[in-house]
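Fold and contact review
Here is what each chain is made of, one letter per residue.
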Amino acid sequence: MRALVISGGGSKGAFAGGVAQYLMENENRQYDMFLGTSTGSLLVPHLAVNDIDKLYHIFTNVQQHDIFSVSPFIQRKKGDREFVSIDFVNSLWQFMKRKRTFGESKALKRNIRKNFTLEEFEKIKATKHDVVVTVSNLSKNSIEYKSINDFSHEEFCDWIWISCNYIPFMSLAKVDGYEYADGGLGCVVPIREAIQRGATEIDAIVLEAEQMERTKVLGKNPFSLMIGLFGHLMGQVEKHDILIGKLAAKNKNVKLNLYYTPTSLTENSLIFSKRLMTKWWKEGYDYAKKRHEHQKASKITSE
């Protein structure tokens, strides 16, 4: 059973879309199971129905207002560099309303339900073994994996949304008395879960460079410093996930193919820029193409 696993990574999900497009269209990879965390959870349902054109349009046209109903950020541009800074007005308004997060992501919830239709949901259940998204149960201090086979269309759309809620910048969700948030707070790359669900071959797309090629610049204010701190913590979780995944794959004799980004794409994956995300999608496609062409050339040479 072949599985596609996509890590969390915010706007960098566009790179994963490019890699997946090459694997599915040019290498003819047929996946039985799809697992995702955060932005990976947004990608996997559309990849499961093999509607890559629709997915490309969604990911390369998304803007801040498609994600945030109350945005804690102001997006700025200085030369060719795009960055975000704190929106003090919205953040103060959240505090005045006694909210526990700087922003709200209900716009993303509406967009997920709009773009992932009931027909697509039913098609996946009829043709694929499983689609799984990762969420963090903060009330129980645990990670949970939500299968498309266990929920209605509306419920599963909510779990996709919850998997993406990068608190304290996005919404904190409550389900059955438990509070949930971004699955990446506990599992960024669910390789081990794919193995436990029966995968015998896994393509895992990791939205981070295998080796950090430059020193990170920490924020100049507490808000941007917090973003950097969360990025550091999730980076450590990601390394742990990959290590555990490699060990589990070796123990179960599972073929594991890891696809990293060749460079660190951005310091802030909460920037949603059409220009950047279009560029990253192409880079993902070209990276996968170059890698497989190199592997084929090496195989011919060795023979």
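Residues numbered from 1 in each chain as written. Predicted model: local features only at pLDDT ≥ 70, side-chain atom pairs only at ≥ 80, totals over all residues. Heavy atoms only, no water.

**As for a positive patch on the surface**
Among the surface-exposed residues, Lys 97, Lys 99, Lys 106 and Arg 110 lie close enough to one another that they form a single positively charged patch. In this fold, Lys 99 is placed in the loop between helix H5 (88-96) and helix H6 (106-115). Take Lys 99: its relative accessible area is 37%, and that puts it in the partly exposed class. (Patch = residues over 30% accessible without salt bridge, like charges linked within 9 Å, V, L, I, M, F, W, Y side chains within 5 Å. Areas by Shrake-Rupley, 256 points an atom, 1.4 Å probe, with all protein chains shown as cover. Salt bridge = Lys/Arg side-chain N within 4 Å of Asp/Glu carboxyl O. Lys, Arg positive; Asp, Glu negative; His and termini not counted. Charge placed at Lys NZ, Arg CZ, Asp CG, Glu CD. Helix = DSSP H or I, 4+ residues; strand = E, 2+ residues; numbered from the N terminus. Buried < 20%, exposed > 50% of the residue type's maximum accessible area, 1.4 Å probe, protein only.)

**Here we look at the packing of aromatic side chains**
Applying the stated criterion across every chain yields a total of 10 aromatic pairs. On the basis of an interplanar angle of 85° and a centroid distance of 5.4 Å, the ring pair of Tyr 22 and Tyr 285 is categorised as edge-to-face. Residue Tyr 22 is found in helix H1 (residues 13-25), and its partner Tyr 285 is found in helix H11 (residues 274-302); the two are separated by 263 residues along the sequence. The exposure class assigned to Tyr 285 is partly exposed, which follows from its relative accessible area of 22%. One residue, Lys 146, lies across the ring of Trp 159, its end atom 4.4 Å from the ring centre. (Phe/Tyr/Trp six-rings, centres within 6.5 Å; stacked < 30°, edge-to-face > 60°. Lys NZ or Arg CZ within 6 Å of the ring centre and 35° of its normal.)

**Thoughts on the nonpolar core**
Ranked by internal contacts, the top residues of the largest apolar core, which has 83 residues, are Leu 47, Phe 156, Ile 202 and Ile 205. Of the residues forming this core, the biggest block, eight residues, is contributed by H1. Contacts of Phe 156, omitting those with residues within four sequence positions, involve Phe 116, Phe 121, Val 131, Val 133, Lys 146, Ser 147, Ile 148 and Phe 151. (Core = buried A, V, L, I, M, F, W, Y, C linked by side-chain atoms within 4.5 Å. Contact = heavy atoms within 4.5 Å.)

**Considerations on the state of the cysteines**
By definition, a disulfide links the sulfur atoms of two cysteine residues through a covalent bond. Applying the stated rule across the entire model yields zero disulfides. Here Cys 157 is not cross-linked by a disulfide; its sulfur's nearest cysteine counterpart is in Cys 164, at 11 Å. With relative accessibility at 1%, the residue Cys 157 sits in the buried group. Left unpaired, Cys 187 is separated from the closest cysteine sulfur, that of Cys 164, by 14 Å. (Disulfide = S-S within 2.5 Å.)

**Side note on the side chain of Thr 39**
With respect to the helices, strands and loops of the structure, Thr 39 is situated in helix H2 (residues 39-48). Taking the relative accessible area as the measure of exposure, Thr 39 reaches 3% and is therefore buried. Residues contacting Thr 39, with those up to four places away along its chain left out, are Ser 7, Gly 8, Gly 9, Gly 10, Gly 13, Phe 59, Cys 164 and Leu 207.

**Focus on unusual backbone geometry**
Of note, the bond from Ile 167 into Pro 168 is cis; its omega dihedral lies within 30 degrees of zero at 5°. Phi at Asn 141 is positive, roughly 55°, even though this residue is not glycine. Positionally, Asn 141 belongs in the loop between strand E5 (130-137) and strand E6 (142-147). The backbone of Asn 253 sits at a positive phi, close to 60°, despite the residue not being glycine.

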